[in-house]
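Secondary and tertiary structure notes
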Amino acid sequence: MTYAITQTCCSDATCVAVCPVNCIHPTPQERAFGSTEMLHIDPATCIDCGACADACPVDAIFPVDSLSAPQREYAAINAAYFADKEPEPADHGPNFHSWGEPVFDRGLPSDFAPIRVAVVGTGPAGMYAAEDLLLHTNAEVTLVDRLPVAGGLIRYGVAPDHPATRKVGDTFARFHTHPRVRMHLGVEVGEDITAEELAAHHDAVVYAVGASADRRLGIPGEDLPGSIPATTFVSWYNAHPEVPADAVALTAERVVVVGNGNVALDVARILVTDPASLAGTEIAGHALAALRDARVREVVLLGRRGPEHAAYTASELLALTHLPGVDLVVDDHDPRTGATIDGSVAGAGGHEKAALLRGLPRETVDWSRTPVPERRRIVLRFHSAPLEVLGEDGVRGVRVTEATAEAGEREIPAGMFLRAVGYRGVPVAGLPFDEASGTVPHQGGRVSGMPGTYVVGWIKRGPSGGIGANRTCAAETVGTLLADAVAGALPAPSRPPRAFHRLARRRGRRRGRG
């Protein structure tokens, strides 16, 4: 019996570190790490020890013979990754693992005085940075978050029907009560305290504020009532304190979602999932009540390019194919879509995603007909871009491109329009900002022209990469910070250690632990 990694893989490589036979790839030392959608276990070398399953923070690893019916495809997915690869030469040690020389590249000299580091943001990027500092140094860490609940993207960005993914938050939460941590919630840098005040109380400040804004399409009608960004919809069903319960109205029978990344699939899935199956999750009460009364029967996912270029992961698409009571169909309006699917080969780069669509029904959809009330379905419409959101007092349809330039355009009647075309960083008060990329300029995480100031996560590298990508991102930033500390390049704080905690308690809108 071997193990397999399944849908909820976060790719933070904790499993790689504990595997005694080096059967999980790609590893952080391999070029492919960070470019694959998930990690994979080689069934030919797995020895069934279970160490990876014990270490996995998101419960993504199971014995192959215990996989549920929807998960059984992952046994083949794991094996296919190694199908055309030559096995690495085995070491002569007792556990066949070439460990290499130990490297301690993030640490401080033993006689180095503790440094005070503030981490702004308690999402994955900020907590990986805090974890790195706490485990490898004697640093004292101040966690600051503008929201009343810690967690960032884990708490307010992960879909409620993905509880295993949310479990990584438990790993981070153990550091909230670490003896060298002080946490202040409901404190916003730039509003309650200034960046200069924060820096004056710490040796270094790490900003892990993410990318909280949505990207716009720049098309007419984008701001009509009923046209909302996916960021708002996701925050709404996750009970984000800054999004009111009445921010979303689910009165439409058909919803058009532009985008084909994982967020687009998340919102489509939530819209058509049986609300009874969401009742046991952490979904917001107001969202569950609205979904129970919702009229949504059809969600159309618009993709500007073909299925081979879809941005969603194969695992998230597979999850849609197993959604109870929901039909998944491909709009056959463009001959290029069917040709790509029929000519795709599993495991062949981007065409692997197209191959996953091979068994789905295809249909030239008659958009003049209203959705069938007895069924719910998701329509994947590739090679189609939105041109205009139609309506006067609210959304009544979306004008989109048709198969070819000769065929022109088509109107899809819809009562709601969601744009899921990506996130974007927003300027941080007191820091430089690159408007083109939506990031803070930096070198290895060090903010340009601001000694002692650092960035990590999406505000550093842009909105790309999942939860696990923040681990290596944080390692780089913390490495830069510690190198600066050893070199004496950090400006010394001008205020005593406890002064900031008194300031944060006085200024904070919602008091956290201090």
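Structure: above.
Residues numbered from 1 in each chain as written. Predicted model: local features only at pLDDT ≥ 70, side-chain atom pairs only at ≥ 80, totals over all residues. Heavy atoms only, no water.

The next thing to look at is the sheet that holds strand E11 (residues 254-258). As summarised here, the arrangement of the 7 strands in space is E10-E19-E11-E12-E15-E13-E14, forming an open sheet in which the pairing is parallel. Because the sheet does not close on itself, it has two edges, and the strands there are strand E10 (227-229) and strand E14 (362-363). With 5 bridges connecting them, strand E13 (residues 326-331) and strand E15 (residues 376-381) associate as parallel partners. Among the inter-strand pairings, leucine 328 is bridged to a residue of E15, identified as isoleucine 378. Relative to the sheet, helix H9 (residues 230-237) contacts E10 and strand E19 (416-419), its axis offset from that of E10 by approximately 75°. (Pairing = 2+ DSSP bridges. Helix = DSSP H or I, 4+ residues; strand = E, 2+ residues; numbered from the N terminus. Contact = heavy atoms within 4.5 Å. Axes fitted to C-alpha atoms, helices over the stretch in contact; angles between N-to-C directions.)

Let us look at the pattern of salt bridges. All told, the structure shown has 30 salt bridges when counted by the stated rule. Linking aspartate 327 and arginine 375 is a salt bridge whose minimum nitrogen-to-oxygen distance equals 2.6 Å. Placement of aspartate 327 in strand E13 and of arginine 375 in the loop between E14 and E15 is noted, with a sequence separation of 48 residues between them. Overall, the relative accessible area of 38% leaves arginine 375 in the partly exposed class. Of the charged contacts in the structure, one is a salt bridge between glutamate 476 and lysine 460, with a shortest N-O distance of 2.6 Å. Linking glutamate 476 in helix H17 (residues 469-486) with lysine 460 in helix H16 (residues 458-461), this pair joins segments that are 16 residues apart in sequence. (Salt bridge = Lys/Arg side-chain N within 4 Å of Asp/Glu carboxyl O. Buried < 20%, exposed > 50% of the residue type's maximum accessible area, 1.4 Å probe, protein only.)

A few words on the packing of aromatic side chains. The final tally for this structure, using the stated rule, is 5 aromatic pairs. Judged by centre distance (5.1 Å) and plane angle (85°), the ring pair of tyrosine 81 and phenylalanine 82 falls under edge-to-face. One aromatic cluster in this structure is built from Phe233, Trp236 and Tyr237. (Phe/Tyr/Trp six-rings, centres within 6.5 Å; stacked < 30°, edge-to-face > 60°.)

For the structure on display, the rule yields 4 cavities of 30 Å³ or more. Here the largest cavity defines a volume of roughly 90 Å³. Cys9, Cys10, Ser11, Cys15 and Cys56 are the residues nearest the centre of the largest cavity, which is lined by 14 residues in total. Classifying every residue of the lining of the largest cavity by side-chain character gives 11 nonpolar, 2 polar and 1 charged. If you add up the space inside the second largest cavity, you get close to 70 Å³. Every residue lining the second largest cavity is counted, 13 residues in all, and those nearest its centre are Cys19, Cys23, Cys46, Cys49 and Cys52. Of the residues in the lining of the second largest cavity, the class split is 11 nonpolar, 1 polar and 1 charged. (1 Å grid on protein atoms, 1.4 Å probe; cavity = no way out; pocket = protein on both sides within 12 Å on 5 of 7 lines; lining within 4 Å. Points joined across faces, edges and corners; volume = space filled by probe spheres on them. Nonpolar A, V, L, I, M, F, W, Y, C, P; charged D, E, K, R; others polar.)

Glancing now at unusual backbone geometry. For residues besides glycine, phi is generally negative; the peptide bonds are generally trans as well. For the bond running from histidine 25 to proline 26, omega is -5°, close enough to zero to count as cis. With respect to the helices, strands and loops of the structure, proline 26 is situated in the loop between strand E2 (24-25) and strand E3 (40-41). Positive phi, normally seen in glycine, also occurs at asparagine 22, with a value near 55°. Turning to its location among the elements, asparagine 22 is positioned in the loop between helix H1 (14-18) and E2. With a relative accessible area of 21%, asparagine 22 lands in the partly exposed category. Of note in the backbone geometry, alanine 239 takes a positive phi value of approximately 60° without being a glycine. Within the secondary structure, alanine 239 sits in the loop between H9 and E11.

By themselves, these are just geometric observations and shouldn't be taken as functional.
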